[in-house]
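Close look at the chain arrangement
This is what each chain is made of:
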Amino acid sequence: MTGTHRPQTARDAARHGPALKQERAFQTRALILDKAAELFSESNYRSVSMQDVADRVGMTKGAVYFHFRSKEALAAAVVACHYERWPPVVEEIRNGGLSPLEAVEELLDRAALAFRDDPIMQAGTQLQLDRDTINAELPAPYVYWTNLLTDLLDAARAENQLRTGVRPDSAARALVAAFFGIQHISHTLTRHGDIVGRWQELRELFFHSLRA
Ligand SMILES: CCC[C@@H]1OCC(CO)=C1C(=O)O
């Protein structure tokens, strides 16, 4: 179904009904995820109830449970979102003509903005910190970003963008650790208010030491 076709007849409604229902369910699920992320990022996993989520969304608790069978499932879905949104960003950046090293810089520039502005990024991070209190299978933290940056830095080395002796995997591990550290300090002191400035300081130093 393209656009927002309005069924003209009962037959049309029957034909488009399932697609419309599916679209509405998808939008409701996304709204619940966003509002749950706000709540998880404002405090921590234990302090948030499914009733809190229902109230923030403006739905009944039963309606939330229709989309997410438990608070654990909701938290796991927020963490999944935290990672799933980055591969398309990498694709867009790489298709934008940036070199591998420029792509690393652009990607982390966007990550810094996401930490400042995006409840999913903030909540995904908080939930990973709370992971021992969540009875759900969560991805091991830092692995996704470390592998992502290792791949990009491998490509940067292949294009002679890295200083001799810089190992892409070591640089990726150090960059993820440093970035995670500045976002943690920024969150603790300013609720991520100064993360962009902190990243700019780290970015200047780090890429000066990496660049050929
Ligand atoms: C990019 C820094 C690392 C990233 O930031 C927060 C966090 C916790 O889930 C991360 C991870 O990779 O798991």
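Analysis parameters
Residues numbered from 1 in each chain as written. Predicted model: local features only at pLDDT ≥ 70, side-chain atom pairs only at ≥ 80, totals over all residues. Heavy atoms only, no water. Helix = DSSP H or I, 4+ residues; strand = E, 2+ residues; numbered from the N terminus. Buried < 20%, exposed > 50% of the residue type's maximum accessible area, 1.4 Å probe, protein only. Contact = heavy atoms within 4.5 Å. Areas by Shrake-Rupley, 256 points an atom, 1.4 Å probe, with all protein chains shown as cover. Lys, Arg positive; Asp, Glu negative; His and termini not counted. Charge placed at Lys NZ, Arg CZ, Asp CG, Glu CD. UniProt positions renumbered as here; feature names shortened; annotations may be inferred. Core = buried A, V, L, I, M, F, W, Y, C linked by side-chain atoms within 4.5 Å. Domains from an automatic or database assignment. Axes fitted to C-alpha atoms, helices over the stretch in contact; angles between N-to-C directions. Parallel < 35°, antiparallel > 145°, perpendicular 65-115°, else oblique. Left-handed = near helix turned anticlockwise from the far one by under 90°. Nonpolar A, V, L, I, M, F, W, Y, C, P; charged D, E, K, R; others polar. Near = heavy atom within 4 Å. Polar contact = N/O pair within 3.5 Å; in protein donor to acceptor, adjacent residues only side chain to side chain.

Going by the annotation in an unreviewed UniProt entry, the name recorded for the chain is Transcriptional regulator, TetR family, with Streptomyces pini given as the source organism.

**Some words on the overall build of the chain**
A count of helical and extended segments in the chain gives ten helices and zero strands. In the chain, the succession of helices and strands from N to C terminus is α-α-α-α-α-α-α-α-α-α. If you line up the chain on its principal axes, its C-alpha atoms span 70 × 40 × 30 Å. Burial statistics for the chain: of 212 residues in total, 41% are counted as buried. Long-range contacts, defined here as pairs at least 24 residues apart, represent 65% of the contacts in the chain between residues at least 6 apart. Counting only carbon and sulfur atoms, one obtains 52% of the accessible surface of the chain, whose full area is about 11700 Å². Both charge centroids of the chain, one from 25 positive and one from 27 negative side chains, sit 5 Å from each other.

**Points about the UniProt feature "DNA-binding region" (unreviewed entry) in the chain**
Look at the UniProt record and you will see "DNA-binding region" (unreviewed entry) annotated at residues 49-68. The span residues 49-68 shows a helical share of 75% and a strand share of 0%, and its end C-alpha atoms are spaced 13 Å apart.

**Re the nonpolar core**
Judged by nonpolar contacts, the single largest core of 60 residues is most densely connected at F40, L107 and W145. With nine residues, the top contributor of residues to this core is helix α6 (residues 100-117). Viewed by domain, this core spans two of them, domain 1 (10-78) and domain 2 (81-210), each represented by three or more residues. Leaving out residues up to four positions away in the same chain, W145 has contacts with Y83, W86, L107, L108, A111, M121 and V176.

**As for the packing of helix α5 (residues 86-95) against helix α8 (residues 143-158)**
Contact geometry for α5 and α8: axes closest at 12 Å, N-to-C directions at 15°. Viewed along their axes, α5 and α8 adopt a mutual orientation that is roughly parallel. Of the two possible hands of crossing, α5 and α8 adopt the one that is right-handed. Contact residues: W86, P87, V90 and R94 in α5; Y144, W145, L148 and L152 in α8. In terms of residue class, the contact of α5 with α8 is made up of seven nonpolar, no polar and one charged.

**Considerations on the site of the ligand**
For the ligand, the full set of nearby residues is H82, Y83, F115, T125, Q128, P141, Y142, W145, V176, F179 and F180. Between the ligand and H82, the relevant distance is 3.3 Å, taken from an oxygen atom to a side-chain nitrogen or oxygen of the residue. Y142 places a main-chain nitrogen or oxygen 2.8 Å from an oxygen atom of the ligand. For the ligand, whose free accessible area comes to 340 Å², the fraction covered by protein is 100%. Looking at the shell around the ligand, the elements with two or more residues in it are α4 (71-84), α7 (119-129) and α9 (168-190). Broken down by element, the shell around the ligand gets its largest block of residues, three residues, from α9.

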